[in-house]
Amino acid sequence: MHEDRLIDAVIAETLARLKAAGAAKARRLVLELSPDSHMDEMSVQLHLEAHLEEVPALKGVEVVYKHVPPRLLCQACNLEFEQKPKEFTCPKCGKVARPTGLLSGLRVAELETA
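Since this is a predicted model, take the numbers as computed values, not measurements.

> Explain the overall build of the protein residue by residue, including any values.
When its secondary structure is counted, the protein shows two helices and six strands. Its helices and strands taken in sequence order, the protein reads α-β-α-β-β-β-β-β from the N to the C terminus. Seen through its principal axes, the protein has C-alpha atoms that stretch 50 × 30 × 20 Å. Of all 114 residues assigned to the protein, the portion counted as buried reaches 35%. Across the protein, the fraction of contacts at a sequence separation of at least 24, relative to all contacts at a separation of at least 6, is 66%. Put simply, the protein shows about 7,100 Å² of open surface, and 55% of that area lies on carbon and sulfur atoms. Averaging the coordinates of the 15 positive side-chain charges in the protein and doing the same for the 17 negative ones gives two points 7 Å apart.

Okay, structure coming up:
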């Protein structure tokens, strides 16, 4: 499922950040959520809760959501920009742009360790 892949990626990223910090447990996790994830906060929370209980380092972590607009990339002029509602054209050259998939969707923005 689409949701499971996103949640698995969040968990993998969080565990990698914990390891890099030399920490054993997460206290607070800030997730960026964008409309191009095709999930809302409630859906993410429902999928995430079940998985977090299975990972000792993440059990009981406080999850905070930061809503961000999707980003687009113009392949004609290489400009990356914030998408405005129902607009897909590049503000620089006027060509149609595509979702970046990099800084949008669902991703780990911040992690506080215990």
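Having seen the structure, we can now continue with the description.
> Quick one: what's the story with the nonpolar core, residue by residue and with numbers?
Among the nonpolar cores identified, the biggest contains 21 residues, and Leu31, Val44, Leu48, Leu58, Val63, Tyr65 and Leu106 are the most heavily contacted of them. Only helix H1 (2-21), strand E1 (26-33), helix H2 (41-52), strand E2 (62-67) and strand E6 (106-113) provide two or more residues apiece to this core. Once residues lying within four places of it in the same chain are set aside, the contact partners of Tyr65 are Leu31, Leu33, Glu41, Val44, Gln45 and Leu48. Within the second largest apolar cluster, five residues are counted, among which are Leu72, Cys74, Phe81 and Cys90.

> Describe the environment of Val64, listing the residues and the values that go with them.
Along the chain, Val64 falls in strand E2. Of the residues examined, Val64 reaches a relative accessible area of 22% and is grouped as partly exposed.

> So, the sheet that holds strand E4 (residues 80-82): which residues are in play, and what are the values?
Read across the open sheet, the three strands follow the order E4-E3-E5; overall the sheet is antiparallel. Where the open sheet ends on each side, the last strands, each with one partner, are E4 and strand E5 (98-99). Across three bridges, strand E3 (residues 71-73) lies against E4 in antiparallel orientation. Looking across to E4, one finds that Leu73 is bridged to Glu80.

> Account for the side chain of Ser34, naming residues and giving values.
Within the element layout of this structure, Ser34 appears in the loop between E1 and H2. In this structure the side chain of Ser34 is engaged in a polar contact, spanning 3.4 Å, whose partner is the backbone oxygen of Val68.

> Now, about the sheet that holds E1: what can you tell me, with residues and values included?
The three strands are arranged E2-E1-E6 in an open sheet whose pairing can be described as mixed. Edge positions in the sheet fall to E2 and E6, since each has one partner strand and no second. Between one strand axis and the next, the sheet turns by 20° as a mean value, whatever way the strands run. Of the pairings in the sheet, the one linking E1 to E2 comprises six bridges and is parallel in character. Across the sheet, residue Glu32 finds its bridge partner in E2, namely Lys66. Packing against the sheet, H2 makes contact with E1, E2 and E6, and its axis sits at approximately 150° to E2.

What counts and what doesn't
Residues numbered from 1 in each chain as written. Predicted model: local features only at pLDDT ≥ 70, side-chain atom pairs only at ≥ 80, totals over all residues. Heavy atoms only, no water. Helix = DSSP H or I, 4+ residues; strand = E, 2+ residues; numbered from the N terminus. Buried < 20%, exposed > 50% of the residue type's maximum accessible area, 1.4 Å probe, protein only. Contact = heavy atoms within 4.5 Å. Areas by Shrake-Rupley, 256 points an atom, 1.4 Å probe, with all protein chains shown as cover. Lys, Arg positive; Asp, Glu negative; His and termini not counted. Charge placed at Lys NZ, Arg CZ, Asp CG, Glu CD. Core = buried A, V, L, I, M, F, W, Y, C linked by side-chain atoms within 4.5 Å. Pairing = 2+ DSSP bridges. Polar contact = N/O pair within 3.5 Å; in protein donor to acceptor, adjacent residues only side chain to side chain. Axes fitted to C-alpha atoms, helices over the stretch in contact; angles between N-to-C directions.

Any functional reading would require information that these geometric values do not contain.
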